[in-house]
Amino acid sequence: MAKEKPFVPPNEMPPRPIQPLLTGQKALVTGASKGIGEGVAVALAQAGADVLLNYFSDPEGAEKTAEKVRKAGRQALVVQADVAVEEEVQSMVARMIEAFGRIDILINNSGIQLNAPFDKMTLAQWQRVIDINLTGQFLCAREAVRVFKRQGIDKSISYAMGKIIHISSVHDIIPWAGHVNYAAAKGGIMLLMKSIAQELAPLRIRVNSISPGAIRTPMNLEKLTTPESYRDLLSLIPYKRLGEAEDVGRAAVWLASDDSDYVHGAVLYVDGGMVLYPEFASGG
Ligand code: NAP
C-alpha cells in the first residue's frame, strides 16, 4: 500500500530576489542556528552583510546557516554563547570585533518557550524565559550600543550609527494563556525597545522591533501536521497563509537599511494581520 504523503502547509510567499541594501555592513544575529534567526541571517547575507551567527546548543544548525551565508558570497562566523550570561555576550561581541572590525546591525532574536498553566509554572520556568527572551536582549543591545558609540557614524556604510532590531512577537500585545512568562517577556521588549530608542535617537542609533505572527519554524511545523490543524491556525490569520522565516528576513533587511532611516522606535508586525482581532471580522 502506498504511504500517505505527510501534510505540509503550502509556501505562498512571493518569490523575489533580495535587494543589496546592506552592502559592506556587519551583522550579529542571535539564535541563528534555526528558524527565524536562520532566515534573517541568510536574508541579511543576501543583502550584502557579513554575519556573526550565534547559537546556544545546536552547532550543526549554526554551521548549516553559515553554509547558506557563504553561498550568498558573504563571510560567516559561528559563535556559541548563552545570551542570558553577561560575560558570554561580552566575549561574543569581542569575537565579532576581532573578526569583522565593527558591528552595524544587531538582530536580537534568541528566544524560548517554557509553557505551563499559570498556577503550575515554576519559578525556574518563569526565570529562564525572562533571562533569555528579555535580559538577553538587554545584554546584547547594551554591548552593541557600546560598540556603536566607539565606532561613530561612517556614512559610507550607513547614515545611522548602528541599528538594533528586537525580534519580539504578536504576544507583545496579545495576551497568551499558558504562556505568561513568554508574553511578559515580549511585552517587556516593547518598552525596552522604545526606551532605548528614545534615549539613543540623538546619536542616530536606530532601534525597532519586528513582531512576527505564526512563522514556519520547526516548533510550529510540529503542530501543523494535518489540514485541520492548518485550517484552525488560519482562522487566526486574516491574510490566510503561514509566514515564512524569509518574510521576517526581508522585513529585517529593510529595517536595517538606510531605506528605513526615519523609522525609529517602531514595532513592525509581520503577521498576516494576526493582531487585527480577526474574530471581529464578521460582527462583534
Ligand atoms: P527556534 O526555531 O526555537 O530557534 C530559537 C533560537 O534561539 C535557536 O537558534 C536557539 O539556539 C536560540 N537560543 C535558545 N536559547 C538560547 C540562549 N540561551 N542563548 C542564545 N541563543 C539561544 O525559535 P524561532 O521560532 O525561530 O524563534 C526566534 C524568535 O522569534 C524568538 O524570539 C521567538 O520568540 C520569536 N517568534 C517566533 C515565532 C514563530 O512563529 N516561530 C513567532 C513570533 C515570535 P540553539 O538551537 O543553538 O539552542
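None of the values given here were measured: they were computed from a predicted structure. (Residues numbered from 1 in each chain as written. Predicted model: local features only at pLDDT ≥ 70, side-chain atom pairs only at ≥ 80, totals over all residues. Heavy atoms only, no water.)

## Quick notes on the pattern of salt bridges
In total, this model carries 14 salt bridges according to the counting rule given. Note that Lys26 and Asp50 form a salt bridge whose closest N and O atoms lie 2.7 Å from each other. Here the residue Lys26 occupies a position in strand β1 (residues 26-29), and Asp50 occupies one in strand β2 (residues 50-55), the gap between them amounting to 24 residues. When sorted by exposure, Lys26 lands in the same class as Asp50, which is buried. (Salt bridge = Lys/Arg side-chain N within 4 Å of Asp/Glu carboxyl O. Helix = DSSP H or I, 4+ residues; strand = E, 2+ residues; numbered from the N terminus. Buried < 20%, exposed > 50% of the residue type's maximum accessible area, 1.4 Å probe, protein only.)

## With respect to the packing of aromatic side chains
Applying the stated criterion across every chain, the model contains three aromatic pairs. Here Phe7 and Tyr230 contribute two aromatic rings whose centre-to-centre distance is 5.9 Å and whose plane-to-plane angle is 50°, an arrangement assigned as tilted. In this pair, Phe7 is assigned in the segment before β1 and Tyr230 in helix α7 (residues 227-234), connecting sequence segments 223 residues apart. Between Trp176 and Tyr182, the ring centres sit 5.5 Å apart and the planes meet at 70°, which makes this aromatic pair edge-to-face. Using a relative accessible area of 25% as the deciding quantity, one classes Trp176 as partly exposed. Take Tyr182: its relative accessible area is 12%, and that puts it in the buried class. (Phe/Tyr/Trp six-rings, centres within 6.5 Å; stacked < 30°, edge-to-face > 60°.)

## Observations concerning the nonpolar core
If you look at the biggest cluster of nonpolar residues, it comprises 32 residues, and the most contacted ones within it are Leu22, Leu44, Leu53, Ile107, Ile165, Ile210 and Val248. Of all the elements in the fold, those that place two or more residues in this core are β1, α1 (35-46), β2, α2 (59-71), β4 (105-108), β5 (162-167) and α8 (245-256). Contacts of Ile210, omitting those with residues within four sequence positions, involve Ile165, His166, Ile167, Ser168, Ser169, Val248, Ala251, Ala252, Leu255, Leu268 and Val270. (Core = buried A, V, L, I, M, F, W, Y, C linked by side-chain atoms within 4.5 Å. Contact = heavy atoms within 4.5 Å.)

## Digging into the sheet that holds strand β3 (residues 76-80)
If you walk across this open sheet you meet the seven strands as β3-β2-β1-β4-β5-β6-β7, and the pairing is parallel. Of all the strands in the sheet, just β3 and β7 (267-270) have a single pairing partner and so form its edges. Pairs of neighbouring strands in the sheet enclose a mean axial angle of 20°, with direction left out of account. Across the sheet, α2 lies against β2 and β3, angled at about 170° from β2, the strand it touches most. (Pairing = 2+ DSSP bridges. Axes fitted to C-alpha atoms, helices over the stretch in contact; angles between N-to-C directions.)

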